[in-house]
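Take a look at the letters that make up each chain.
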Amino acid sequence: MVDWVVFDDLMKDYTMLDDIPVTSLPRHDDYQRTADWLLSHTKQRPLVGIICGSGLGLLADTLKAQDSFPYAEIPGFPQSTVQGHAGRLVFGELKGRSCVCMQGRFHMYEGHSLCKTTFPVRVFKLLGVETLIVTNAAGSLADGYQPGDIMIIKDHINFPGLSGLSPLNGPNDDKFGPRFPAMSNVYDKDLRCLAMDIVKQMGLSQFVHEGVYAMVGGPNFETVSEAKLLHRLGVDAVGMSTAPEVLVASHCGLRVFGLSLITNKVVRSYDGQDQVNHEAVLEVSKMRSHSLQLLITQLVGRMDMNNNTHF
Ligand SMILES: O=P(O)(O)O[C@H]1O[C@H](CO)[C@@H](O)[C@H]1O
Ligand SMILES: Nc1nc2[nH]cnc2c(=O)[nH]1
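None of these values were measured; they are calculated from a predicted model.

1. A few points about the packing of helix 2 (residues 28-41) against helix 5 (residues 119-127)
Any two packed helices are characterised by the angle at which their axes cross and by the distance between the axes.
Next up, step 1: One can describe the packing of helix 2 onto helix 5 by two numbers: an axis separation of 9 Å at closest approach and a directional angle of 55 degrees. With respect to each other, helix 2 and helix 5 are oriented oblique. When the axes of helix 2 and helix 5 are compared, the crossing they make is right-handed. Mapping the contact onto sequence places Tyr 31, Gln 32, Thr 34, Ala 35, Leu 38 and Leu 39 in helix 2 and Arg 122, Val 123, Leu 126 and Leu 127 in helix 5.
Next up, step 2: A per-class count over the contact of helix 2 with helix 5 returns seven nonpolar, two polar and one charged.

Take a look at the structure:
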């Protein structure tokens, strides 16, 4: 079984790809062992995997016929340390469709290596999941966005990735996917169109946008100059997660859909008094998570199954 303590300790000392201790990277067997344990503890056979962002874990509570496992009980699973991330894997049904839901995700700023933050995604793949839905809490840079709005993620800018921090670093495991995966169509267009259709029917068009998410490393929020830079680059919303999970999902052939709940405006002026903080992020997430839950439930109910063009 992968020894995260030893691995993370080693990773602290290795910044160059050449120096990554290859024997410490999780191997296919490590992911498989966790997936086999889960499959032997639940009758659910999920086709949809959902990752809940900060304060958005209530979605998992709406699953029917639940089996749930604290992360601490799952062999090989990392532990979450952030407030608003309960740390449970919940299996169950949404609209009669079998799903598995992470009530709490892992972030790079917690000190996890990126392959650890994305470990569950490959486990999902081995459970039989075809589609990954990622959600997050994010700050907005786009002019028309308000706290409480929802952004369907059209594309992302992965700042850690652009500077060489990728969960796909190290030897490629061809059993999961190719050495050089394309990312130009990573957020599935059909699912984005279906979501927009559902949004119209729910009468939510005024509050829902489609835009570009940027991942930064965190854990600090942005300086004014960083916020101005992100805005100039065409970023609509910024957070500290999601991109690594999406990379790993797409690499192993999962179809991906992503939603950001806008919890705050990123401060772009030196004159304002506003200061973002995690408690405010959680408060807005909880307040508006119901619409996001309804949207995801409808989407799961209406999406094509066994129709994953990535296979
Ligand atoms: O991306 P999620 O996990 O939703 O959380 C977001 O909210 C936290 C900051 O309040 C950061 O972790 C940021 O990434
Ligand atoms: N980086 C970043 N992450 C967030 N998560 C929620 N809000 C924010 C924000 O304003 N900036």
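Next comes the rest of the account.
2. Quick look at the site of ligand 1
Next up, step 1: Close contacts around ligand 1 come from Gly 53, Ser 54, Arg 105, His 107, Asn 136, Ala 137, Gly 218, Gly 239, Met 240, Ser 241, His 278 and Val 281, and that covers them all.
Next up, step 2: In terms of residue class, the shell around ligand 1 is built from three nonpolar, eight polar and one charged.

3. Digging into unusual backbone geometry
Next up, step 1: In this structure, Pro 219 follows Gly 218 across a cis peptide bond, with omega equal to 0 degrees.
Next up, step 2: Positioned with a positive phi, Lys 95 is a non-glycine residue whose angle comes to about 50 degrees.
Next up, step 3: Note on placement: Lys 95 falls in the loop between strand 3 (88-94) and strand 4 (97-103).
Next up, step 4: We classify Lys 95 as partly exposed; it has 13 C-beta atoms within 10 Å.
Next up, step 5: Its identity is not glycine, yet Thr 242 carries a phi of approximately 75 degrees, on the positive side.
Next up, step 6: Within the fold, Thr 242 resides in the loop between strand 8 (237-239) and helix 9 (243-251).

4. A word on the UniProt feature "binding site: phosphate" (unreviewed entry) in the protein
Next up, step 1: Residues annotated by UniProt as "binding site: phosphate" (unreviewed entry) correspond here to Ser 54, His 85, Arg 105, Phe 106, His 107, Ala 137 and Ser 241. With the annotated positions falling across 188 residues, the maximum pairwise C-alpha distance of 13.6 Å places them together in a single cluster.
Next up, step 2: Once you skip the residues sitting within four places of it in the chain, Arg 105 turns out to touch Ile 51, Gly 53, Ser 80, His 85 and Ser 241.
Next up, step 3: Considering the arrangement of structural elements, one finds Ala 137 in strand 5 (residues 131-140).
Next up, step 4: Once residues within four sequence positions are removed from consideration, Ala 137 is found in contact with Gly 53, Ser 54, Gly 55, Leu 56, Gly 239, Leu 261, Thr 263, Val 281 and Ser 285.

Reading the values: the criteria
- Residues numbered from 1 in each chain as written.
- Chains lettered and ligands numbered in written order.
- Predicted model: local features only at pLDDT ≥ 70, side-chain atom pairs only at ≥ 80, totals over all residues.
- Axes fitted to C-alpha atoms, helices over the stretch in contact; angles between N-to-C directions.
- Helix = DSSP H or I, 4+ residues; strand = E, 2+ residues; numbered from the N terminus.
- Parallel < 35°, antiparallel > 145°, perpendicular 65-115°, else oblique.
- Left-handed = near helix turned anticlockwise from the far one by under 90°.
- Contact = placed C-beta atoms within 7 Å.
- Nonpolar A, V, L, I, M, F, W, Y, C, P; charged D, E, K, R; others polar.
- Near = placed C-beta within 6 Å.
- Buried ≥ 20, exposed ≤ 12 C-beta atoms within 10 Å, placed from the backbone.
- UniProt positions renumbered as here; feature names shortened; annotations may be inferred.

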